[in-house]
Amino acid sequence: MSKVAETRGTGPGPVTAAAIEARSLYRFFRAGEEETLALRGVSVSVMPGEFVAVVGPSGSGKSTLLACLAGLDDPEGGRVLVEGQRMSHQPEPVRARLRARRIGVLSQSGNLFDHLTVEANLAVAQGLGGRSSRESRTALLGSVGLAERAGALPSRLSGGEAARAGLAVALANEPAVVLADEPTGELDSGTEATVLELLRAAAGRGVAVLVASHSPAVASAADRVMRLVDGQVTG
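Remember, predicted model here, so these are calculated numbers, not experimental data.

Caption draft 1: Broad picture of the overall build of the protein chain. Tallying secondary structure elements over the protein chain gives seven helices and ten strands in all. Here the protein chain has a C-alpha radius of gyration of 17 Å; the compact-globule value for 235 residues is 18 Å, and the two agree. For the protein chain, the spread of C-alpha atoms along the principal axes amounts to about 55 × 50 × 35 Å. Residues counted as buried form 48% of the 235 residues belonging to the protein chain. For the protein chain, the share of sequence-separated contacts (at least 6 apart) that also reach a separation of at least 24 residues comes to 71%. Taking the average place of the 24 positive charges on the side chains of the protein chain and the average place of its 25 negative ones, the gap between the two points comes to 5 Å.

Quick look at the structure:
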């Protein structure tokens with residue numbers, strides 16, 4: 001199950017480096033004497049402007065892969081590069097800085113602080129990335145259809161609004177990469193289509209987008225589909 005991304009442009013030209021790349025990742029977890037191999041030599045690269053879907057059954061390693069790519073977890077073997085900079089096997093402060101500036105993370109459980117307004121959530125994200133621009137926050141909220149909801153708390157948002165606000169936070173620092181873990185898992189089909197349109201629009205602006213999901217709609221929207229089974233790439 002795979003789709004080949006369209007070749008952008010015609011004729012010879014400069015080779016574009018991957019926005020994010022993982023090489024032979026291994027990750028295992030221990031519980032007592034039991035050991036679980038979550039990733040077994042997984043490699044993946046996503047180019048600027050490419051939308052890649054990672055699919056597979058529950059427990060296949062999708063969330064672990066995204067956590068390693070985002071620097072939220074560190075693999076036992078292999079390495080992760082973000083725009084050529086090493087993310088894996090670095091001190092947490094180094095990973096956190098690189099993540100804040102170059103990676104937008106979106107999860108099913110959300111990435112909003114409940115006690116802050118939508119705009120304040122964006123301001124916090126920008127602050128972590130060393131940016132602060134009310135003008136850019138206003139423009140970003142407008143681009144996801146939330147210009148009128150800037151002062152709302154997350155508890156006052158609908159499910160679709162919360163999903164779009166979370167995506168706005170992920171895009172707050174104009175990242176090179178967006179990593180999304182089941183971002184549409186709790187959305188109806190209409191709202192899912194809206195979120196996927198926004199992700200495709202981000203890819204159209206040159207952002208590398210990687211989404212882990214069970215949803216057929218996500219796989220259909222992607223340029224390329226990568227399947228994980230038991231921590232290994234199968235297609």
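Caption draft 2: A look at the sheet that holds strand β1 (residues 20-31). Reading across from one edge, β2-β1-β4-β5 is the order of the four strands in this open sheet, with antiparallel pairing throughout. Across the chains shown, the open sheet's two edge strands, defined by having one partner strand only, are β2 (34-46) and β5 (85-86). Both β1 and strand β4 (residues 77-82) contribute to a ladder of five bridges, which runs antiparallel. Bridged to I20 within β4 is V82. With respect to the sheet, helix α1 (residues 62-69) is in contact with β1, β2 and β4, its orientation differing from that of β1 by roughly 120°.

Caption draft 3: The sheet that holds strand β3 (residues 51-55), seen in detail. Sheet architecture is open: six strands sit in the order β6-β7-β8-β3-β9-β10, paired in mixed fashion. Each edge of the open sheet carries a strand with a single partner, namely β6 (103-107) and β10 (232-233). With four bridges joining them, β3 and strand β9 (residues 224-229) adopt parallel strand pairing. For V54, the partnering residue across the bridge sits in β9 and is M226. Contacts from helix α6 (residues 189-204) reach β3, β7 (177-181) and β8 (208-212) within the one sheet, and its direction differs from that of β3 by about 130°.

Caption draft 4: Representation of unusual backbone geometry. Positive phi values are uncommon outside glycine, yet E83 reaches one of about 50°. Checked against the element boundaries, E83 lands in the loop between β4 and β5. Residue E182 is not a glycine yet carries a positive backbone phi of 50°.

Caption draft 5: Inspection of the packing of helix α5 (residues 159-170) against α6 at higher detail. Running from amino to carboxyl end, α5 crosses α6 at an angle of 15°, the nearest separation of the two axes being 10 Å. Overall, the two elements α5 and α6 adopt an arrangement that is roughly parallel. Crossing of α5 over α6 shows right-handed handedness. The residues of α6 that touch α5, namely those facing G160, A163, R164 and L167, are T191, T194, V195, L198 and L199. In terms of residue class, the contact of α5 with α6 is made up of five nonpolar, three polar and one charged.

Caption draft 6: Quick peek at the environment of A208. Its place among the elements puts A208 in strand β8. According to the relative accessible area criterion, A208 is buried, its value standing at 0%. Counting along the chain gives 26 residues from A208 to T234, while the straight-line C-alpha distance between them is 22 Å. Excluding its chain neighbours within four sequence positions, the residues that come into contact with A208 are A19, V46, M47, P48, G49, E50, A176, V177 and V178.

Reading the values: rules and limits
- Residues numbered from 1 in each chain as written.
- Predicted model: local features only at pLDDT ≥ 70, side-chain atom pairs only at ≥ 80, totals over all residues.
- Heavy atoms only, no water.
- Helix = DSSP H or I, 4+ residues; strand = E, 2+ residues; numbered from the N terminus.
- Rg over C-alpha atoms; globule rule 2.2 N^0.38 Å.
- Buried < 20%, exposed > 50% of the residue type's maximum accessible area, 1.4 Å probe, protein only.
- Contact = heavy atoms within 4.5 Å.
- Lys, Arg positive; Asp, Glu negative; His and termini not counted.
- Charge placed at Lys NZ, Arg CZ, Asp CG, Glu CD.
- Pairing = 2+ DSSP bridges.
- Axes fitted to C-alpha atoms, helices over the stretch in contact; angles between N-to-C directions.
- Parallel < 35°, antiparallel > 145°, perpendicular 65-115°, else oblique.
- Left-handed = near helix turned anticlockwise from the far one by under 90°.
- Nonpolar A, V, L, I, M, F, W, Y, C, P; charged D, E, K, R; others polar.

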